[in-house]
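An overview of the molecular structure
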Amino acid sequence: MEDYGRFLALLVSALLVGFVSVIFSLVWVFHYREGLSWDGGPREFNWHPVLVITGFVFIQGIAIIVYRLPWTWKCSKLLMKFIHAGLNTIAMILAIVSMVAVFEYHNARNIPNMYSLHSWIGLTAVIFYSLQLFLGFAVFLLPFAPVPLRAALMPIHVYSGLTVFATVIATALMGITEKLIFSLKNPAYSASPPEATFVNCLGLLLAIFGALILWMASRSHWKRPPEENAKVLQPIGGTPEGTEAESTMTDGSNADKSDLRISSEAARKQNLKLDEAGQRSTM
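A few points on the structure.

Parameters and conventions
Residues numbered from 1 in each chain as written. Predicted model: local features only at pLDDT ≥ 70, side-chain atom pairs only at ≥ 80, totals over all residues. Heavy atoms only, no water. Helix = DSSP H or I, 4+ residues; strand = E, 2+ residues; numbered from the N terminus. Buried < 20%, exposed > 50% of the residue type's maximum accessible area, 1.4 Å probe, protein only. Core = buried A, V, L, I, M, F, W, Y, C linked by side-chain atoms within 4.5 Å. Expected span 1.5 Å × (residues − 1). Contact = heavy atoms within 4.5 Å. Phe/Tyr/Trp six-rings, centres within 6.5 Å; stacked < 30°, edge-to-face > 60°. Axes fitted to C-alpha atoms, helices over the stretch in contact; angles between N-to-C directions. Parallel < 35°, antiparallel > 145°, perpendicular 65-115°, else oblique. Left-handed = near helix turned anticlockwise from the far one by under 90°. Polar contact = N/O pair within 3.5 Å; in protein donor to acceptor, adjacent residues only side chain to side chain.

1. Overview of unusual backbone geometry
Along the chain, Asn 186 connects to Pro 187 via a cis peptide bond; the corresponding omega equals 5°. Counting through the fold element by element, Pro 187 comes out in the loop between helix H6 (147-183) and helix H7 (194-217). With phi around 75°, Glu 34 is a residue other than glycine that occupies positive phi space. Unlike most non-glycine residues, Met 114 shows phi in positive territory, near 55°. By secondary structure assignment, the location of Met 114 is in the loop between helix H4 (77-108) and helix H5 (117-141). Residue class for Met 114 comes out partly exposed when judged on its relative accessible area of 29%.

Quick look at the structure:
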């Protein structure tokens with residue numbers, strides 16, 4: 001792998017920042033927000049930021065870069081697909097549970113649902129993430145989709161995954177800011193009490209984590225080697241992608257060489273005839 005040391009440094013930094021973000025979310029809800037419970041009260045709402053940061057941000061981020069870990073390149077691509085899909089499934093489950101906690105809390109307190117920009121973008125991200133997960137299973141994990149379809153959809157799958165992840169980071173930043181504005185009254189959020197400063201630091205950690213994941217995922221020289229992909233996209237009983245084309249090119253090249261030899265032989269015989277004719281005319 002090119003720049004292995006730099007990749008390793010970024011990976012360790014991302015894992016550390018992501019893990020610290022999860023710890024910060026737990027400290028926030030236990031130290032400043034009464035802890036966790038499932039009773040329809042504020043403690044049930046607290047599951048929302050904890051599960052979103054743990055699943056929708058941290059675990060999803062790991063799922064994005066799992067293919068780029070060089071020590072996994074010796075593993076089969078199918079195994080890595082299952083790991084990638086499993087991590088995304090866990091993230092999806094935690095995101096759904098976090099939304100259930102919000103809706104139950106709002107309904108118990110007669111608070112309107114889906115009125116803020118945070119809720120609109122958040123629900124949109126969950127919907128697109130579920131579609132991304134479903135299409136990933138149907139096209140890339142199950143062995144029924146033809147190779148040309150997989151090749152055509154792969155760039156869309158990668159782009160949409162990174163877009164959803166970036167959207168989740170932005171939505172989380174909006175959400176924690178919204179929560180602070182609504183919850184901090186005396187002193188207000190504008191007075192920068194300790195909770196506000198602590199949660200602002202959490203927001204910075206989320207932004208840094210997102211930037212590190214997106215950077216590692218967008219470097220082409222850190223991709224899993226393509227020859228490994230060809231073996232997995234190979235149809236059952238078929239040959240790897242490109243083999244047929246290479247065979248055709250080889251056959252064509254051999255045919256060209258054969259034609260060239262035949263043409264050269266014919267030209268040599270023609271020259272001999274001309275030489276013989278010339279000799280006869282001279283004699």
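Next comes the rest of the account.
2. What about the nonpolar core?
Counting residues in hydrophobic clusters, the biggest one holds 47 residues, and the most contacted among them are Trp 28, Phe 56, Phe 209, Ile 213 and Met 216. Taken together, the elements giving at least two residues each to this core come down to helix H1 (4-32), helix H3 (47-65), H4, H5, H6 and H7. At eleven residues, the largest contribution of residues to this core is made by H7.

3. A look at H1
An α-helix turns once every 3.6 residues. As a result, residues three or four positions apart point the same way. Counted at 1.5 Å a residue, the expected span for H1 with its 29 residues is 42 Å, and the 41 Å between its end C-alpha atoms agrees. Looking only at H1, the buried set comprises Phe 7, Leu 10, Leu 11, Ala 14, Val 17, Gly 18, Ser 21, Val 22, Ser 25, Trp 28 and Val 29. Considering only its buried residues, H1 is in contact with H3, H6 and H7. A positive backbone phi angle near 75° is found at Glu 34, which sits one or two residues after H1.

4. Considerations on the packing of aromatic side chains
This structure, assessed with the given rule, holds seven aromatic pairs. Relative to Phe 198, the ring of Phe 24 lies with its centre 4.5 Å away and its plane at 10°, an arrangement referred to as stacked. Separated by 174 residues along the polypeptide, Phe 24 in helix H1 and Phe 198 in helix H7 bring together distant segments of the chain. Residue Phe 24 is classed as partly exposed on the basis of its relative accessible area, which comes to 21%.

5. Details of the packing of H3 against H6
Geometrically, a packed helix pair is captured by the angle between its two axes and the distance between the axes. Remark: H3 packs on H6, axes separated minimally by 10 Å, with the N-to-C direction vectors making an angle of 155°. In terms of orientation, H3 and H6 fall into the roughly antiparallel class. For the pair H3 and H6, the crossing hand works out as left-handed. Taking contact as the criterion, the partners of Phe 56, Val 57, Gln 60, Gly 61 and Ile 64 in H3 are, on H6, Gly 161, Leu 162, Val 164, Phe 165, Val 168 and Ile 169.

6. Topic: the side chain of His 118
Looking at the element boundaries, His 118 is found in helix H5. With a relative accessible area of 16%, His 118 lands in the buried category. Of the polar contacts made by the side chain of His 118, one reaches the backbone oxygen of Thr 171; its length is 2.9 Å. Those residues in contact with His 118 that lie beyond four places of it in its chain are His 48, Thr 171, Met 174, Gly 175 and Glu 178.

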